[in-house]
Amino acid sequence: MTTPGRLGSLATTPGCARRRNEKWTCLSTLLSRAGDMQQLEQICDPERCGGSQNRSYGDQSLTDIKSATRTTTSPSRCGGLGRRRKFSAAKLRRENTQINDITRVLIDKLDHEFYHYINDLIGIQPHIEELERLLNLNSHEDNDLRVLGIWGMGGIGKTIHAMVLYDKISYQFDACCFIQDVSTIYRNHGWDKAPTEIQKAILCQTVQEENLETKSPMGIARILHNRLCNPKIPKKVLIVLDNVDEQRQWDTLRLNPRSLGRGSRVIITTRNQHVLNVSGADTIYEVPLLNDNEALELFLRKAFRNGPPKKIISDVILEILDYAQSLPLAIEALGNDLYNMEEKLWKNALEDWRECPKENVMSVLQKSYDQVNINERRIFLDIACFFAGKRKNFIEHILSSCCGDESSRHDLAIQNIRRNSLITIRNHEIHMHNMLQELGKKIVRGEYPKEPMYWTRLWHVKDLEAVLKSDMEWNNNEAIVLDEVDVTKCRHLRIQKLFEKRNLTLLILHFQNFPELNFVPIFQTEMRYLLWHGYPFPSLQLLIWRNLVELNLPNSRVQQLWDEIQLIPNLKRMDLSNSRNLRTTPNFASCPGLVRLDLTGCINLTEVHDSIGLLRELNYLSLRECSSLSLLDFGPNCQLSSLRTLLLSGCTNLQKTPNFKALSNLRYLDLERCTSLSTMHESIGTLVTLKYLSLRGCKNLVHAPYILNGNSSLLILDLSGCMMITNLPRCRRKFAPSSCLESLMVLSPVFLEPQRILDFVGELMFFDGEWICSKLAYLNLAHCHELRRFPEASFHVLHEMKGTLERYPQLSIIGQDYIFSASTV
C-alpha cells in the first residue's frame, strides 16, 4: 500500500548543502528513485556538490522540493560542473527553465495522487501484490502489452484497489492517467460528448496537451492516436479507466490497447464482466470480500474511533457483521452510523436497517441493477426475495414454469446477471450478497414499504397475514414463497382469502402443523406453479386450469384431485408423494403433456387409472412404496414410448408386472422388494434399451426374467435375495455372443445354494468356452457364506478360465471371506 512513508523511505546521500543550514535531500537520489537519471544528467550533476544532510522528503511538499531544486541547479553551487559537462555558458538554458524541467520530473515521478483519499485500508496489500504480479511489469517480451480487468460488486473496493495500484506503479511509465468514474462522465455529458471528454482527459494527463477546447471530436481522436499510438515515438503508457459498466462506453472510446507502446498497461475496473471480455482483457481479477478478521477490524475502527473496546466482542457486533457480509461499503456505513451511539441501542438500529436499508449503500448497489434488462431485473428480484442459495436448475425450472419460456433463455439471463456482479454461482447454487437481497426487497416494496398488498412478491409470513387480514379486494401480489412456517404461531392467517387472489401465478408454501380442513377451496387465479407442502384440503379445485404448468402437493391430505375431465394442456409435472389419503389417481386424459409423475409413498393408493398409458410425453413414473397397489395396467393402447424411468420398489402387494412392450425407451426399472411378485411379463425381453434392472429382495420370484436371453445394453443386474428362482437362462445359447450380456458391468446373484450360484455365473458368462461379459467389473458374492472356491466344472476347464480372465484384468470377484482378481486365479 502506498503511504507517505514510501517517500520518506528514500535514502539520503551527501549532496549540495543549502546555505544557512537549510535542510534538504540529495536530488540525485530522488531522481534515481524516479528512474530518470539520464534526463537528470543532461540538466545537472550534483555528484560533486559538497555537504551532507540526513532528511527525507516524507513531510515536504512539492513546493519545498521545487525550492530545493532551485538551489541545486544554481551554477554557483555546482563546483565548475558546467565547464566539464553540458553546462557551458553558450549552451546552458536559462535557470528557470531548468528548474521547471526538474520540478516536472519530480512531480511526475514522485507525486502520489490518491494516497490522501485512501484511509482505513485493511487487508489490501496482498491484493495489490497479486495485481502487480498479473500486470507482469518486468516482462521483456516484444509484444509486452497487457489489459488487466478488476471486477466485483459495487462497494467492494475496485476503485480503491486501482488507486493504490496506480500510485505504486505509475512512476515506471513515460505517461500515465487515471480516469475516474467513466460511467458518471457518460451520464453527465451524454453519449455524444462523453467519449471526447474522456479522450481530452487522457491527453491532458498523459502528455499535458493543451488548447483542446477548439478541436473537433475527430481531431481530438486523431491527436490521441498520434500522441500515444505513434510507432515512431513509442510511449510506455499506463491508462486506468475506472467504473466502465457498459460495453458501449468502451466501444465509443475507440481505444485500442494493442496499438500503445511496448510495456504499456491498461487497467479497467467494472461491475460488468462482459466489458472486460469485449475489451480483450488478458486477465480478470475478482476483488474478494474482506475476511472475518478484516471485517471486524474495519468495523471497530469506524464505530470506535478512539480505539476499540477491551471487552469481548458482543453478540450484536457479530450480528451486524453477519448482516453486512464483509462488504467494505456496508461495514463503513454501519460503523459510521453507530459511532457515538450507546451499544445497547445497536440491536434496534440493526432492525431499523433491515426494515429500511441504508440509502447510501443501496444507491451504489442499484447501479448494477439498472444495467440489466427488464427480464433480468425480474429474475434478480425473484432470486433476491425467494431463491438465494437454491440450486440453479431448480430456479430455472420455476422461472420457465411461470413464464412459459425455455430454460435456456433463463440460463442466459442468469449468466448476464452474474456478469453484472449481482449474483455468484457456486456448486450449482445461486448465491446473492445480503445487501443485494436487501436491495431487491427494497425495490419490491417501492413507495409502499408498510403496505404489502401493493407488493408483487411476498416472502414473510407477517406480510401475508397483513394482506389476508386486509379487506382490500384488489392487490398486486403475483408470487408468494414462504419457507417452514409454523401455522400455530400465526394468529391472523385467514387462509381462505388466499384463494381469492386473481393475480397470483406462483405459490410455494411450506406450512407445518396446519389443522385439518374439510372444505374444498377454489383458486380463482390463473396459477402456473403450485407447490404446497402439507396441503390440508381433501381436494383441489382451480377456476382456471389451463395455465397450470406444475402441481406439487407432497405430504398432502388430498384424497382425490379432479373428479371430472379437466382441460390442463400445459401441465408438465405432478408430485403427490406421501399423500397417504390418496386412493385413486385422476383421469390422465386431462393432462396429455405430463412429463413427470411422482406418487411415491401413497400407501393407500389402490388404483392407477389406465389412461396413464396415453401419456406420450411421460419420461418418469414413480410408484415406490405404494404398498396397497396390486395391479398396474397401462391399458390396451399404451403409448409410453418416452418413459425412461419406472420405479416400483416397495410395492409389496404387486402380483404381476405390466406389459412392457410399448416401453421402447425404458432405461431404468426398479422392482426391488416387490415381495408378492412371482413372475414377470415376458415382454421384458423386448426392452433392448434397458440398462438397470433390480429385482433385489423379490423373494417369491420363481422364474428368472427373460431379459437375460439377449439384452446387449444391460449394465447392472441385481438378483440379490431372489431365493426361489429355479430356471436358469439356458435358452440364451440360441443368441450369438455379441448380442448377449456383453455390456454387463455389475452382477449380484445371491442365492442360498453355492452350486446354483456357480451354475448361474458359468451359464451367464460363457458361451462355448468364450468369455461373454467382457465389461464385467463387479461380481457380488458377499453373502455366499458357504462358497469357498470355484471348481473347474463350473467354468469348463480351469486353465481355459484363467486364460480368459487374464484378458480382462479389470474383473474383481468379491466375497465375504476373500478378494481375488484375474491374476490370482
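Residues numbered from 1 in each chain as written. Predicted model: local features only at pLDDT ≥ 70, side-chain atom pairs only at ≥ 80, totals over all residues. Heavy atoms only, no water.

1. A few points about the overall build of the protein chain
1) Next: Along the protein chain, the regular secondary structure elements total 24 helices and 27 strands.
2) Next: Long-range contacts, defined here as pairs at least 24 residues apart, represent 60% of the contacts in the protein chain between residues at least 6 apart.
3) Next: Carbon and sulfur atoms form 47% of the exposed surface of the protein chain, whose accessible area is close to 39,100 Å². (Helix = DSSP H or I, 4+ residues; strand = E, 2+ residues; numbered from the N terminus. Contact = heavy atoms within 4.5 Å. Areas by Shrake-Rupley, 256 points an atom, 1.4 Å probe, with all protein chains shown as cover.)

2. Thoughts on unusual backbone geometry
1) Next: Backbone geometry at Asp181 places phi at a positive 50°, although glycine is not the residue there.
2) Next: Checked against the element boundaries, Asp181 lands in the loop between strand S2 (175-179) and helix H9 (182-207).
3) Next: Even without being a glycine, Asn243 presents a positive backbone phi close to 60°.
4) Next: Note on placement: Asn243 falls in the loop between strand S3 (237-241) and helix H11 (247-253).
5) Next: By relative accessible area, which is 11% here, Asn243 ends up buried. (Buried < 20%, exposed > 50% of the residue type's maximum accessible area, 1.4 Å probe, protein only.)

3. With respect to the pairing of strand S12 (residues 529-533)
1) Next: The buried count for S12 comes to four of five residues, which makes it a mostly enclosed element.
2) Next: Here strand S10 (residues 506-512) pairs with S12 via five bridges, running parallel. When the bridges of S12 are listed, Ile508 appears paired with Leu531.
3) Next: Bridging between S12 and strand S14 (residues 550-552) involves three bridges; their strand directions are parallel. Across the sheet, Tyr529 pairs through a bridge with Glu550, a residue of S14. (Pairing = 2+ DSSP bridges.)

4. Let's talk about helix H16 (residues 346-355)
1) Next: All of the buried residues in H16 are Trp346, Ala349, Leu350 and Trp353. Seen along its axis, H16 keeps its buried residues to an arc of 100°; they face one direction.
2) Next: Contact partners of the buried residues in H16: helix H13 (292-303), helix H14 (315-324) and helix H15 (328-338). (Arc of directions from axis to C-beta.)

5. Here's the deal with the sheet that holds strand S1 (residues 146-151)
Two modes of strand pairing occur in sheets, parallel and antiparallel, and in both the strands are linked by backbone hydrogen bonds.
1) Next: With respect to topology, five strands assemble into an open sheet ordered S2-S3-S4-S1-S5, the strand pairing being parallel. Where the open sheet ends on each side, the last strands, each with one partner, are S2 and strand S5 (283-286). Adjacent strand axes in the sheet meet at a mean angle of 10°, parallel and antiparallel pairs treated alike.
2) Next: Sitting on the sheet, helix H7 (residues 125-135) is in contact with S1, strand S4 (265-270) and S5, with an inclination near 150° to S1. (Axes fitted to C-alpha atoms, helices over the stretch in contact; angles between N-to-C directions.)

6. With respect to the packing of H15 against H16
1) Next: Relative orientation of the contacting elements H15 and H16 amounts to 135°, with a least axis distance of 11 Å. Considering the angle they form, H15 stands oblique to H16. For the element pair H15 and H16, the recorded crossing hand is right-handed. For the pair formed by H15 and H16, the contact residues are Leu334, Asp337 and Leu338 on the first element and Trp346, Ala349 and Trp353 on the second.
2) Next: Taken together, the residues of the contact of H15 with H16 sort by class into five nonpolar, no polar and one charged. (Parallel < 35°, antiparallel > 145°, perpendicular 65-115°, else oblique. Left-handed = near helix turned anticlockwise from the far one by under 90°. Nonpolar A, V, L, I, M, F, W, Y, C, P; charged D, E, K, R; others polar.)

7. What to know about the packing of aromatic side chains
1) Next: Per the stated rule, a full pass over the model turns up 17 aromatic pairs.
2) Next: Between Phe299 and Trp346, the ring centres sit 5.8 Å apart and the planes meet at 85°, which makes this aromatic pair edge-to-face. Of this pair, Phe299 sits in helix H13 while Trp346 sits in helix H16, placing them 47 residues apart in sequence.
3) Next: Taking relative accessible area as the criterion, Phe299 reaches 1% and is therefore assigned buried.
4) Next: Judged by relative accessible area, which is 1%, Trp346 ranks as buried.
5) Next: Centroid distance Phe499 to Trp532: 6.2 Å. Interplanar angle 15°. Geometry classified as stacked. Within this pair, whereas Phe499 is found in the loop between strand S9 (479-486) and S10, its partner Trp532 is found in strand S12, the two being separated by 33 residues in sequence.
6) Next: Within the aromatic cluster, the residues linked to one another by ring pairs are Phe499, Phe511, Phe523, Trp532, Tyr535 and Phe537.
7) Next: The aromatic ring of Phe173 is capped on one face by Lys236, whose charged end is 5.2 Å from the ring centroid. (Phe/Tyr/Trp six-rings, centres within 6.5 Å; stacked < 30°, edge-to-face > 60°. Lys NZ or Arg CZ within 6 Å of the ring centre and 35° of its normal.)

8. As for the environment of Leu719
1) Next: Tracing the sequence through the fold places Leu719 in the loop between strand S21 (716-718) and strand S22 (746-748).
2) Next: Taking C-alpha positions, Leu719 is 8.7 Å from Leu693, a pair spaced 26 residues apart along the chain.

9. So, H13
1) Next: Under the 1.5 Å per step criterion, the end-to-end length of H13 is 16 Å for twelve residues, consistent within 8% with the ideal 16 Å.
2) Next: Of the positions making up H13, those classed as buried are Glu294, Ala295, Leu298, Phe299, Leu300, Lys302 and Ala303.
3) Next: Looking at the buried positions of H13, the neighbouring elements they touch are H14, H15 and H16.
4) Next: Residue Asn291 occupies the N-cap position of H13, its side-chain oxygen lying 3.1 Å from the main-chain nitrogen of Asn293. (Expected span 1.5 Å × (residues − 1). Polar contact = N/O pair within 3.5 Å; in protein donor to acceptor, adjacent residues only side chain to side chain.)

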